[in-house]
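What follows is each chain in one-letter form.
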Amino acid sequence: GTTRDEGTTRDEGTTRAGEQAPPMVLADQVCKNYGALKVLKGVSLEVQRGKVLCLIGPSGSGKSTFLRCINHLERVDAGRLYVDGELVGYSERGGRLYELHPAKAARQRREIGMVFQHFNLFPHRTALENVIEAPMLVRRLRRKDAVERASALLAQVGLAAKADAYPAQLSGGQQQRVAIARALAMEPKLMLFDEPTSALDPELVGEVLGVMKNLAAAGMTMVVVTHEMAFAREVADTLVFMDGGVVVESGPPRALLENPQHERTQAFLSKLL
Ligand code: ADP
Ligand code: MG
C-alpha cells in the first residue's frame, strides 16, 4: 500500500518509513579468550526481533560464554556484537572502539533479561519481593506500581497463588518460573536462557518450557541454550549448533535435526537420541 513518506514502502521490521529495524542480536566474528584458551573463535549469527534462537552444542563449546558476552558478563576480545543495533559495551568513533561509559553499559544491560540454570532467588524474600526488587531499586518504581506489575507477572507464569511463598517453599520449577517473572519485571527487549531446565527434576521441566513457549508466542525475542530438542523443534525459528567456539551449522530446527549437514552435528545429535 501507499505510505505517508514519499512513497517508501512499509514492511515488517521497519520502524519509520524507509528505516529498517536492526536485528535484535547481531554477532559478527565474535571472539573471546580466557588467557591462552580461545573459547569463542569467530561466532557469527543473527536473531531478528520477535524470533527465538535455540543454541545447542557439547559441553565446553562456548554457549554460556556467548550468552555472557551478550549480557555484559564477559567482554568480547575481537569481532562485533550488537544488540538492537547498538554495539555491546563499546562505542565506535572513526573506526576505533572505546569502552562504553558505565552508565550507558548499565542501561544496555538492563534491557536484557537472563535466566540461569540455577535460579539464584533471594532466599529471605518471598516470590513477590524477589520480583519487585529490581524494578524498585533500578527503575525507581513506586512499591505499589511494582507490586501491581509483579502480581501480573506471577499470574502470567502460573504462580499467582505463590506470591507470598519463600523460595524454599517452592519446587525447582516454581522457583525457575519466579526467576523468569523477575527477569520480565525489568521489561527486557531480549531474554537469554542458559539451560533453564537442566537443574530440574524431569517432571518439572514441562511447566518451565510452557512458560517460555507462551513468552515466545507473545513475541519476545529469545536466545535459549537448551538440550530440550522437542522444545527447540517446536518453538525455535532458528537452531544453531556450536562446537569448539564456532557455529558449525544453523537453520530451521526441523531441517537441522532431521538432515544435519555436518559430521559434528550428526555425531552430537546421534548421542542425544
Ligand atoms: P558451554 O556453555 O558450551 O558448556 P562455556 O561457555 O561454559 O561452554 O565454556 C567454554 C570453555 O571456556 C570451557 O572450556 C570452559 O572451561 C572455559 N571457561 C568458561 N568460563 C571460564 C572462565 N571464567 N575462566 C576460564 N575458562 C573459562
Ligand atoms: Mg553452559
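Just so it is clear, the model here is predicted, and its values are computed rather than measured.

Focus: the sheet that holds strand β3 (residues 52–56)
- Strand order in the open sheet made by the six strands is β8-β9-β10-β3-β11-β12, with mixed pairing throughout. Of all strands in the sheet, those with a lone pairing partner are β8 (112–115) and β12 (246–251), marking the two edges. For this sheet the average axis-to-axis angle between neighbouring strands, irrespective of direction, equals 20 degrees.
- Two strands pair when backbone bridges link them, and β3 and strand β11 (residues 238–243) are joined in this way by four bridges, in the parallel orientation. Within β11, the position partnered with I56 by the bridge is F241.
- Seen against the sheet, helix α5 (residues 172–184) touches β8 and β9 (190–194) and runs at an angle of roughly 170 degrees to β8.
- Where helix α6 (residues 202–217) meets the sheet, it contacts β3, β9 and β10 (221–225), and its direction lies at approximately 150 degrees from that of β10.

Considerations on the site of ligand 1
- Close contacts around ligand 1 come from Y34, L37, V39, P58, S59, G60, S61, G62, K63, S64 and T65, and that covers them all.
- Separating an oxygen atom of ligand 1 from a side-chain N or O atom of K63 is a distance of 2.8 Å.
- For ligand 1, an oxygen atom lies 2.9 Å from a polar atom in the side chain of S64.
- Protein contact buries 58% of the 560 Å² of open area that ligand 1 shows by itself.
- Elements supplying a minimum of two residues to the shell around ligand 1: β2 (37–47) and α1 (63–70).
- Partitioning the shell around ligand 1 into residue classes produces four nonpolar, six polar and one charged.

Here's the deal with the packing of helix α3 (residues 127–137) against helix α4 (residues 143–156)
- For the pair α3 and α4, interaxial distance at closest approach is 9 Å and the crossing angle is 125 degrees. As summarised for this structure, α3 and α4 are arranged oblique, according to the angle between their axes. Between α3 and α4 the crossing geometry is right-handed. On α4, the residues that touch A127, L128, V131, I132 and M136 of α3 are R143, A146, V147, A150, S151, L153 and L154.
- Tallied by class, residues from the contact of α3 with α4 come to 10 nonpolar, one polar and one charged.

Quick look at the UniProt feature "domain: ABC transporter" (unreviewed entry) in the protein
- UniProt records the feature "domain: ABC transporter" (unreviewed entry) at residues 25–269, using the numbering of this structure.
- Counting secondary structure, residues 25–269 comes out at 37% helix and 28% strand; the distance between its end C-alpha atoms is 26 Å.

Here's the deal with the nonpolar core
- In this structure, L154, I180, M191, F193, M212 and M222 are the most contacted members of the largest nonpolar core, which totals 52 residues.
- Counting residues per element, this core draws most heavily on α6, which supplies eight residues.
- Leaving out residues up to four positions away in the same chain, L154 has contacts with A127, L128, V131, L159, A160, A163, V178 and A181.

Observations regarding the packing of aromatic side chains
- All told, the structure shown has one aromatic pair when counted by the stated rule.
- With a centroid separation of 5.2 Å and an interplanar angle of 35 degrees, the aromatic rings of F241 and F268 are classed as tilted. You can see F241 sitting in strand β11 and its partner F268 sitting in helix α9 (residues 263–272), a full 27 residues away along the chain.
- Residue classification places F241 among the buried positions, given a relative accessible area of 0%.
- R93 extends its terminal NZ or CZ atom over the ring of Y98, reaching a point 4.1 Å from the ring centre.
- Taking the ring centre of F122 as reference, the NZ or CZ of R125 above it sits at 4.8 Å.

Rules of the game
Residues numbered from 1 in each chain as written. Chains lettered and ligands numbered in written order. Predicted model: local features only at pLDDT ≥ 70, side-chain atom pairs only at ≥ 80, totals over all residues. Heavy atoms only, no water. Pairing = 2+ DSSP bridges. Helix = DSSP H or I, 4+ residues; strand = E, 2+ residues; numbered from the N terminus. Axes fitted to C-alpha atoms, helices over the stretch in contact; angles between N-to-C directions. Contact = heavy atoms within 4.5 Å. Near = heavy atom within 4 Å. Polar contact = N/O pair within 3.5 Å; in protein donor to acceptor, adjacent residues only side chain to side chain. Areas by Shrake-Rupley, 256 points an atom, 1.4 Å probe, with all protein chains shown as cover. Nonpolar A, V, L, I, M, F, W, Y, C, P; charged D, E, K, R; others polar. Parallel < 35°, antiparallel > 145°, perpendicular 65-115°, else oblique. Left-handed = near helix turned anticlockwise from the far one by under 90°. UniProt positions renumbered as here; feature names shortened; annotations may be inferred. Core = buried A, V, L, I, M, F, W, Y, C linked by side-chain atoms within 4.5 Å. Buried < 20%, exposed > 50% of the residue type's maximum accessible area, 1.4 Å probe, protein only. Phe/Tyr/Trp six-rings, centres within 6.5 Å; stacked < 30°, edge-to-face > 60°. Lys NZ or Arg CZ within 6 Å of the ring centre and 35° of its normal.

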